[in-house]
Amino acid sequence: MLVELAVGDAYGAGFEYVDAKFIEAHNDLSRYVKHPRHDIVPGQYTDDTQMSIAVAEAVVSGEDWTPLMLADRFVEAFKRDPREGYASSFFDFLSNVRDGTQFLKEIVPHSDKSGAAMRAGPIGVFPDVANVIARAATQARVTHDTPDGIRAAVAAALMTHYFLYRIGPKDNLGAYLEKHVAGHWTEPWHGKVKAKGWMSVHAAVSALRGSGNMSGLLQTCVALSGDVDT
């Protein structure tokens, strides 16, 4: 799971919010592309994967699933490997905090963007749906304590859970999500993927339902334009 997340993240990082003509010219899966404005090295994953690794490490640790434990993991993952891809303000924040305690004291957790959703995938490995929902919501509240930030993270975690436990065919994914988290997940997504977290998840659900293989899924996601690394 983490390898495929990293591949998609690193490939999509070259196309995040670029002009549609650039996507048309280079979205052929032949190579990792240098972003025309950013300094990220082609083939290098971003904060999306790094924070997913932090969540995965929290999962396998077996420790109590608390905001402090999660914040500690976020700081540890960043400190051992500071990398491009974070929003500049959050990069500076992580650079300046010492540990999870300071993180929780100083963070302003009111974002409704995609950060909590992008890292929620590993939580789907838990076998109980209620546990997946609760853990996804808890980790979201650390940085994205808003209704939209939380529901995007819960939906992302449930996507992983749905396929890992073979709950049903991919065409039924949207209906499954609608049973557990608010949103019109069965409706096809059209157009650019903007910054709100639920937009990234909704677009991913739509792209997944319409794709027959992993490479086609990746190409479809990038072709939407916008926040395509998420």
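As a reminder, the structure under discussion sits directly above these lines.
Residues numbered from 1 in each chain as written. Predicted model: local features only at pLDDT ≥ 70, side-chain atom pairs only at ≥ 80, totals over all residues. Heavy atoms only, no water.

Trainee: Help me get a handle on the overall build of the protein chain, residues and values and all.
Mentor: Helix and strand counts for the protein chain stand at 12 helices and 0 strands. Counting from the amino terminus, the protein chain carries its helices and strands in the arrangement α-α-α-α-α-α-α-α-α-α-α-α. The dimensions of the protein chain, computed from C-alpha atoms along their principal axes, are 45 × 40 × 25 Å. Here the contacts in the protein chain between residues at least 6 apart in sequence split such that 61% fall between residues at least 24 apart. Accessible area of the protein chain: about 10800 Å², with a carbon and sulfur share of 55%. Across the protein chain, the mean location of the 22 positive side-chain charges is 2 Å away from that of the 28 negative side-chain charges. (Helix = DSSP H or I, 4+ residues; strand = E, 2+ residues; numbered from the N terminus. Contact = heavy atoms within 4.5 Å. Areas by Shrake-Rupley, 256 points an atom, 1.4 Å probe, with all protein chains shown as cover. Lys, Arg positive; Asp, Glu negative; His and termini not counted. Charge placed at Lys NZ, Arg CZ, Asp CG, Glu CD.)

Trainee: So what about the nonpolar core? Which residues, and what values?
Mentor: One finds Trp-65, Phe-74, Phe-90, Phe-103, Ile-123, Leu-177 and Val-201 to be the most contacted residues of the largest nonpolar core, which totals 52 residues. Per element, the largest residue contribution to this core is 10 residues, and it comes from helix α9 (residues 147–164). Each residue touching Leu-177, except ones within four places of it in the same chain, is listed here: Ala-155, Leu-158, Met-159, Trp-185 and Val-205. Among the nonpolar cores identified, the runner-up in size contains 9 residues, and Tyr-11, Phe-15, Phe-22 and Val-33 belong to it. (Core = buried A, V, L, I, M, F, W, Y, C linked by side-chain atoms within 4.5 Å. Buried < 20%, exposed > 50% of the residue type's maximum accessible area, 1.4 Å probe, protein only.)

Trainee: I'd love a proper account of the pattern of salt bridges, names of residues and values included.
Mentor: On inspection of all chains with the given rule, the structure shows 5 salt bridges. Among the salt bridges present, the one from Arg-73 reaches Glu-63, with a minimum N-O distance of 2.8 Å. Here Arg-73 is found in helix α4 (residues 67–80), whereas its partner Glu-63 is found in the loop between α3 (47–61) and α4, with 10 residues between them in sequence. Residue Glu-63 is classed as partly exposed on the basis of its relative accessible area, which comes to 42%. Measuring nitrogen to oxygen at the nearest pair gives 2.8 Å for the salt bridge that ties Lys-196 to Asp-112. On the criterion of sequence distance, the pair formed by Lys-196 in the loop between α10 (173–180) and α11 (197–209) and Asp-112 in the loop between α6 (100–106) and α7 (115–118) is long-range, its members being 84 residues apart. (Salt bridge = Lys/Arg side-chain N within 4 Å of Asp/Glu carboxyl O.)

Trainee: Quick rundown of α10? Include the residues and the values.
Mentor: Within α10, burial applies to Leu-173, Gly-174, Tyr-176 and Leu-177. Projection of α10 onto a plane perpendicular to its axis shows the buried side chains occupying an angular sector of 160 degrees, all on one side. Considering only its buried residues, α10 is in contact with α8 (129–141), α9 and α11. (Arc of directions from axis to C-beta.)

Trainee: Give me the packing of aromatic side chains: which residues, what numbers.
Mentor: Counted according to the given criterion, the structure contains 13 aromatic pairs. With centroids separated by 6.3 Å and ring planes inclined at 85 degrees, the aromatic side chains of Trp-65 and Phe-126 adopt a geometry described as edge-to-face. With a gap of 61 residues between them, Trp-65 in the loop between α3 and α4 and Phe-126 in the loop between α7 and α8 connect regions that are remote in the sequence. Each member of the pair, Trp-65 as well as Phe-126, carries the same accessibility label: buried. An aromatic cluster of at least three residues, connected via ring pairs, comprises Phe-74, Phe-78, Tyr-86, Phe-90, Phe-91, Phe-93 and Phe-103. Its guanidinium or amino end placed over the ring of Phe-126, Arg-135 lies 4.1 Å from that ring's centre, counting from NZ or CZ. (Phe/Tyr/Trp six-rings, centres within 6.5 Å; stacked < 30°, edge-to-face > 60°. Lys NZ or Arg CZ within 6 Å of the ring centre and 35° of its normal.)

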